[in-house]
Amino acid sequence: MHSFGYRANALLTYALTILALMCTIASFSDNFNFPSPSVEIQVLNFNWFQKQPHGNDEVSLTMNITADLQSLFTWNTKQLFIFVAAEYETPQNSLNQVSLWDAIIPAKEHAKFWFQTANKYRFIDQGSNLRGKEFNLTLHWHVMPKTGKMLADKLVMSGFRLPEEYR
């Protein structure tokens, strides 16, 4: 006859094995979700566009963000981390990314929204490369699951241009 400790160890090992198997199956089930988020970002106004005393360009802009990210939520989604980045090219770098705004969406009910906002973080270029520059606004998202791997993706909106002159 086996001792109490041996039986408890066998039961605990069995329970943890079943739990790990269930988590693996649950994580795998997210591969069958094919989200179709929709996003639109409009630049309403350039609040200011100036050259800082030490030579860097700085921009403040107001934008409308309209998004429906509900399809990114499944039973396994804990929250979404989203951010809007300005992306552009300069002679020194083929890709520059500046984060302008971010948010955490805790539930599916909050994943469909519209609002008007100024950039939350400063849009600064190291140098004076922004005058007349074309740039893209990209909404990036990271799906943080309850179990399994974190997923990331983005939608790019192109066709934006900065002013030619400082304001």
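This one's a predicted model, so the numbers in the text were calculated from it and none came from an experiment.

Novice: Which residues make up the overall build of the protein, and what values do they have?
Specialist: Looking only at helices and strands, the protein has 1 helix and 8 strands in total. For the protein, the sequential pattern of α-helices and β-strands runs α-β-β-β-β-β-β-β-β. The globule rule puts the C-alpha radius of gyration for 167 residues at 15 Å, and the 23 Å found for the protein is more than 25% above it. Its C-alpha atoms put the protein at 85 × 30 × 20 Å along the principal axes. The buried share among the 167 residues of the protein stands at 37%. Residue pairs at least 24 apart in sequence account for 66% of intrachain contacts in the protein once pairs closer than 6 positions are excluded. Of the roughly 10300 Å² of accessible surface on the protein, 57% is carried by carbon and sulfur atoms. Positive and negative charge centroids in the protein, built from 14 and 14 side chains respectively, lie 8 Å apart.

Novice: Outline the sheet that holds strand β7 (residues 134-145), supporting the account with residue identities and numerical values.
Specialist: On the basis of which strands lie adjacent, the open sheet formed by 4 strands has the order β4-β3-β7-β8 and antiparallel pairing. Either end of the sheet is taken by a strand with one partner, and the two such strands are β4 (96-105) and β8 (151-161). Across the sheet, the mean angle from the axis of one strand to that of its neighbour is 20 degrees, orientation sign disregarded. With 9 bridges connecting them, β7 and β8 associate as antiparallel partners.

Novice: Pulling in residues and values, what's your account of the side chain of Thr90?
Specialist: Among the secondary structure elements, Thr90 is positioned in the loop between β3 (77-88) and β4. Side-chain polar atoms of Thr90 contact the side chain of Asn96, separated by 3.1 Å. Discounting residues that sit within four places of it in the chain, Thr90 has contacts with Asn96, Asp125, Asn129 and Lys133.

Novice: Explain the pattern of salt bridges residue by residue, including any values.
Specialist: For the structure on display, the rule yields 3 salt bridges. Glu58 is the salt-bridge partner of Arg122, the closest N and O atoms lying 3.1 Å from each other. Of the two residues, Arg122 sits in the loop between β5 (112-118) and β6 (123-125) while Glu58 sits in strand β2 (residues 57-68), which places them 64 residues apart along the sequence. Across the pair Asp102 and Lys120 runs a salt bridge whose closest N-O atoms are separated by 2.7 Å. Separated by 18 residues along the polypeptide, Asp102 in strand β4 and Lys120 in the loop between β5 and β6 bring together distant segments of the chain. Overall, the relative accessible area of 49% leaves Lys120 in the partly exposed class.

Novice: Quick one: what's the story with the environment of Thr117, residue by residue and with numbers?
Specialist: Mapped onto the fold, Thr117 is located in strand β5. The exposure class of Thr117 is buried, given its relative accessible area of 18%. In this structure the C-alpha to C-alpha distance between Thr117 and Leu61, which are 56 residues apart in sequence, comes to 8.5 Å. Those residues in contact with Thr117 that sit more than four places away from it in its chain are Leu61, Thr62, Met63, Ile65 and Trp101.

Novice: Residues and numbers for a nonpolar patch on the surface, please.
Specialist: Taken together, the side chains of Tyr14, Ile18, Leu21, Met22 and Ile25 make up a nonpolar region of the molecular surface, amounting to roughly 530 Å² of accessible area. Structurally, Ile25 can be placed in helix α1 (residues 4-29).

Novice: Break down the nonpolar core for me, with residues and values.
Specialist: The tendency in soluble globular proteins is for nonpolar side chains to be buried side by side. Counting residues in hydrophobic clusters, the biggest one holds 33 residues, and the most contacted among them are Leu69, Ile82 and Phe123. Counting residues per element, the ones that place at least two in this core are β1 (38-51), β2, β3, β4, β7 and β8. Beyond its immediate sequence surroundings of up to four residues, Leu69 is in contact with Pro37, Val39, Leu80, Ile82, Ile105, Ala111, Phe113 and Leu139.

The rules behind these values
- Residues numbered from 1 in each chain as written.
- Predicted model: local features only at pLDDT ≥ 70, side-chain atom pairs only at ≥ 80, totals over all residues.
- Heavy atoms only, no water.
- Helix = DSSP H or I, 4+ residues; strand = E, 2+ residues; numbered from the N terminus.
- Rg over C-alpha atoms; globule rule 2.2 N^0.38 Å.
- Buried < 20%, exposed > 50% of the residue type's maximum accessible area, 1.4 Å probe, protein only.
- Contact = heavy atoms within 4.5 Å.
- Areas by Shrake-Rupley, 256 points an atom, 1.4 Å probe, with all protein chains shown as cover.
- Lys, Arg positive; Asp, Glu negative; His and termini not counted.
- Charge placed at Lys NZ, Arg CZ, Asp CG, Glu CD.
- Pairing = 2+ DSSP bridges.
- Axes fitted to C-alpha atoms, helices over the stretch in contact; angles between N-to-C directions.
- Polar contact = N/O pair within 3.5 Å; in protein donor to acceptor, adjacent residues only side chain to side chain.
- Salt bridge = Lys/Arg side-chain N within 4 Å of Asp/Glu carboxyl O.
- Patch = residues over 30% accessible without salt bridge, like charges linked within 9 Å, V, L, I, M, F, W, Y side chains within 5 Å.
- Core = buried A, V, L, I, M, F, W, Y, C linked by side-chain atoms within 4.5 Å.

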